[in-house]
Amino acid sequence: MSVRTKLQPTGTDPILNTLTDLVNGLGQTRAEMRQRFEKLEHKLDRHEQRFDQQDKRFDQQDKRFDQQDKRFDQFRQEVNQRFDRQDTRFDQIEQKIDRVTGEIKEMFQALLSR
């Protein structure tokens, strides 16, 4: 036997085969992981799009509420102004009634004193 034959153990072929199988398996696993990550990334993109759509809808609703709030404030101001005008009119009418009542009392007193 030569020296070379003694240095090369007979078990290297199974170890080499095992390592090759391991590397091939890791390569397949890596490819599968990439596919899964791509799927997850696609799902995440879809969810982000949905979230953006919902966010836009909420912004639109917020704008509508602001508009309604503004309209309600205007309406309330108009109603308050109308009540203030009616209050003023009632005060004027009450003053006229008081004045007319006073005049009528004076007329009765003048008639009674004659």
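The following paragraphs examine the structure supplied in this document. These numbers were taken from a predicted model, which means no experiment stands behind them. (Residues numbered from 1 in each chain as written. Predicted model: local features only at pLDDT ≥ 70, side-chain atom pairs only at ≥ 80, totals over all residues. Heavy atoms only, no water.)

1. Considering the overall build of the chain
Logical step 1: Of the regular secondary structure elements, the chain holds 2 helices and 0 strands.
Logical step 2: For the chain, with 114 residues in total, the buried portion stands at 0%.
Logical step 3: Approximately 11,800 Å² of the chain is accessible, and the part contributed by carbon and sulfur atoms is 54%. (Helix = DSSP H or I, 4+ residues; strand = E, 2+ residues; numbered from the N terminus. Buried < 20%, exposed > 50% of the residue type's maximum accessible area, 1.4 Å probe, protein only. Areas by Shrake-Rupley, 256 points an atom, 1.4 Å probe, with all protein chains shown as cover.)

2. Points about a positive patch on the surface
Logical step 1: A contiguous patch of positive charge, built from Arg 36, Lys 39, Lys 43, Arg 46 and Arg 50, is present on the exposed surface.
Logical step 2: Tracing the chain through its elements places Lys 39 in helix α2 (residues 12–113). (Patch = residues over 30% accessible without salt bridge, like charges linked within 9 Å, V, L, I, M, F, W, Y side chains within 5 Å. Salt bridge = Lys/Arg side-chain N within 4 Å of Asp/Glu carboxyl O. Lys, Arg positive; Asp, Glu negative; His and termini not counted. Charge placed at Lys NZ, Arg CZ, Asp CG, Glu CD.)

3. Some thoughts on a nonpolar patch on the surface
Logical step 1: A grouping of Ile 15, Leu 19, Leu 22 and Leu 26 is seen on the molecular surface, where their side chains present a nonpolar patch of about 410 Å² in accessible area.
Logical step 2: Here Leu 19 shows up in helix α2.
Logical step 3: Judged by its relative accessible area of 49%, Leu 19 falls in the partly exposed class.

4. Considerations on the pattern of salt bridges
Logical step 1: Per the stated rule, a full pass over the model turns up 1 salt bridge.
Logical step 2: When the shortest N-O distance is used, the salt bridge between Asp 73 and Arg 76 registers 2.5 Å. Of this pair, Asp 73 and Arg 76 both sit in helix α2, 3 residues apart, which is roughly one turn of that helix.
Logical step 3: On the accessibility criterion, Arg 76 (42% relative accessible area) is partly exposed.

5. Digging into a negative patch on the surface
Logical step 1: A cluster of acidic side chains, namely Glu 38, Glu 41, Asp 45, Glu 48, Asp 52, Asp 55, Asp 59, Asp 62, Asp 66 and Asp 69, defines a negative patch on the protein surface.
Logical step 2: Checked against the element boundaries, Glu 48 lands in helix α2.

Structural measurements only, silent on function.
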